There are 2 protein chains.
Amino acid sequence: MPTGRRERKKAATRQKIADTALRLFLERGYDAVGIRDVAAEADVAVTTLFSHFASKEALVFEQDDDFEQRLTQTVTGRAPHEPLIPALRREIQALVRHCTADSAAPIWRMIDASPALREYEESMRLRHAESLATAIAADPDLSRTTTACRTIARFVIDAYSLAREAADPDTAVDEIFRMIEAAWEVAHPSGNSVGTAGP
Amino acid sequence: MPTGRRERKKAATRQKIADTALRLFLERGYDAVGIRDVAAEADVAVTTLFSHFASKEALVFEQDDDFEQRLTQTVTGRAPHEPLIPALRREIQALVRHCTADSAAPIWRMIDASPALREYEESMRLRHAESLATAIAADPDLSRTTTACRTIARFVIDAYSLAREAADPDTAVDEIFRMIEAAWEVAHPSGNSVGTAGP
DNA sequence: TCCTAAAAGCTAACCGTTAGTGTTACGGTC
DNA sequence: GACCGTAACACTAACGGTTAGCTTTTAGGA
């Protein structure tokens, strides 16, 4: 039963807190707004706020689970025998476009301006890279070492991070993924050849 | 005059704080030791401690500047026309060995056990990647785009981070650097060929 | 010798975060 | 419909990292 009154109220509270926080942060600046301000404006207790969000920074990256799931879905949910890297490239391209859109600009300006938020995002990315690595390692079609899987996962997350900051994000994604593709190709367990190399 | 009494005393104070902090952290655990404990044991005021170190975490990564300079030195100080990637591979290999040595094990166990320290190290790595990227971009022998330089720099830092955690660090460095080499090769500005492509 | 400024000290707070302890209100059960 | 377990929320008070404001010491140059 997804629609109990309890769960709806809980979700509403969570959303109200997140919305209020983002509004206040954008209005007055992240550092200028205290947790107590957010709680008061959202009309909840500070402890309630922290039962919904693990930290002040988490208020900003409210939907980071979506990001993570989209990435792992890209790996686990792609068509059989569909090559991995182009699929990831498309997904990263979409995600980069999403957060370089004009509507998202004020939020990212705020994030870039706050060391605490930047640091938080970095450690978020590492989490995402880990789950992406796990998804890649679990695919039987892709026989690579654990190290190779973790490496490629990091590279893909790097691509997202670097492209987001690049002057021309689209071109940057293309360029970085050309490099990733090459790295992935040489990561075959036994030599550089794909499958059989016979005459 | 590099050896004024003032500078010596300042350096001594700094060192005493760092040594005391590391000792206490290892004795009682990072979270169990407060800043006020460290300051008291080192016989300095809390404000003095914070005039030498920007944060509690910085007490642990005291010599992170060395790390950064060794990396950039590897790029800027290498023999003329010496290929970049193998030079970086050697340096990363050495750094990984250094911090997977038995003597460093307790420190890294402490770091791995503390989310705050892990997060701090991550953002440190990003700083290192940035300065490495700058060094690479500044080398006239390596004609690559800014994006390619930043990308390779990230990859190299990833190699350090991943190899440090790998079961067999030496093998991991080799494996990851094979991937990095391939990525670097395809990052030439005009196509995949090195220098001149025959008629 | 005296002056300046760096270095260190002290106090008192700010702010994110948490523990401890109720209080309310929903959901399933009899 | 009354009842109970528990999830959600509230309140207070604190803890710990960090900083501002201001004073004291001390090194180095005039």
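Calculation criteria
- Residues numbered from 1 in each chain as written.
- Chains lettered and ligands numbered in written order.
- Predicted model: local features only at pLDDT ≥ 70, side-chain atom pairs only at ≥ 80, totals over all residues.
- Heavy atoms only, no water.
- Least-squares fit on C-alpha atoms with pLDDT ≥ 70 in both.
- Contact = heavy atoms within 4.5 Å.
- Near = heavy atom within 4 Å.
- Polar contact = N/O pair within 3.5 Å; in protein donor to acceptor, adjacent residues only side chain to side chain.
- Helix = DSSP H or I, 4+ residues; strand = E, 2+ residues; numbered from the N terminus.
- Buried < 20%, exposed > 50% of the residue type's maximum accessible area, 1.4 Å probe, protein only.
- UniProt positions renumbered as here; feature names shortened; annotations may be inferred.
- Phe/Tyr/Trp six-rings, centres within 6.5 Å; stacked < 30°, edge-to-face > 60°.
- Lys NZ or Arg CZ within 6 Å of the ring centre and 35° of its normal.

Moving on, we come to the relation of the copies chain A and chain B. For the match of chain A to chain B, the screw axis carries a shift of 0.0 Å, the RMSD comes to 0.1 Å, and the turn is 180°. Considering both components of the superposition, the chain copies are consistent with a two-fold axis. Both copies present the same face, since 100% of the interface residues in chain A are matched by interface residues at the equivalent positions in chain B.

Another point: the protein's contact with DNA strand C. The environment of DNA strand C is formed by 24 residues, the closest being A:Arg5, A:Lys9, A:Lys56, B:Thr48 and B:His52. When the atoms of DNA strand C within 4 Å of the protein are sorted by group, sugar and phosphate make up 59%. Here a phosphate oxygen of DNA strand C sits 2.9 Å away from a polar atom, N or O, in the main chain of A:Ile35. One of the side-chain nitrogen or oxygen atoms of A:Arg36 is found 3.0 Å away from a base nitrogen of DNA strand C. Looking at the surface near DNA strand C, the elements that each hand over two or more residues are helix 1 (5–28), helix 2 (35–42) and helix 3 (46–52) of chain A together with helix 1 (5–28) and helix 3 (46–52) of chain B.

Among the secondary structure elements, A:Thr147 is positioned in helix 8 (residues 146–165). Judged by relative accessible area, which is 19%, A:Thr147 ranks as buried. Discounting residues that sit within four places of it in the chain, A:Thr147 has contacts with B:Ala172, B:Glu175 and B:Ile176.

Here we take up the UniProt feature "DNA-binding region" (unreviewed entry) in chain A. The positions that UniProt labels "DNA-binding region" (unreviewed entry) are, in the present scheme, residues 34–53 of chain A. Each end of residues 34–53 of chain A is marked by a C-alpha atom, and these two atoms are 14 Å apart; helix forms 75% of the span and strand 0%.

Here the distance between the centres and the angle between the planes together describe a pair of aromatic rings. Residues and elements named next belong to chain B. Inspection of every chain in the model, using the stated rule, returns seven aromatic pairs over all chains. Consider the rings of Phe61 and Tyr120, whose centres lie 5.5 Å apart with planes at 25°: the pair is stacked. Taken as a pair, Phe61 in the loop between helix 3 and helix 4 (64–76) and Tyr120 in helix 7 (residues 115–138) lie far apart in primary sequence, 59 residues in all. A relative accessible area of 9% means that Phe61 is categorised as buried. On the basis of relative accessibility, which here comes to 14%, the residue Tyr120 falls in the buried class. Seen from the ring of Tyr30, Lys56 lies directly overhead, with NZ or CZ sitting 4.2 Å from the centre.

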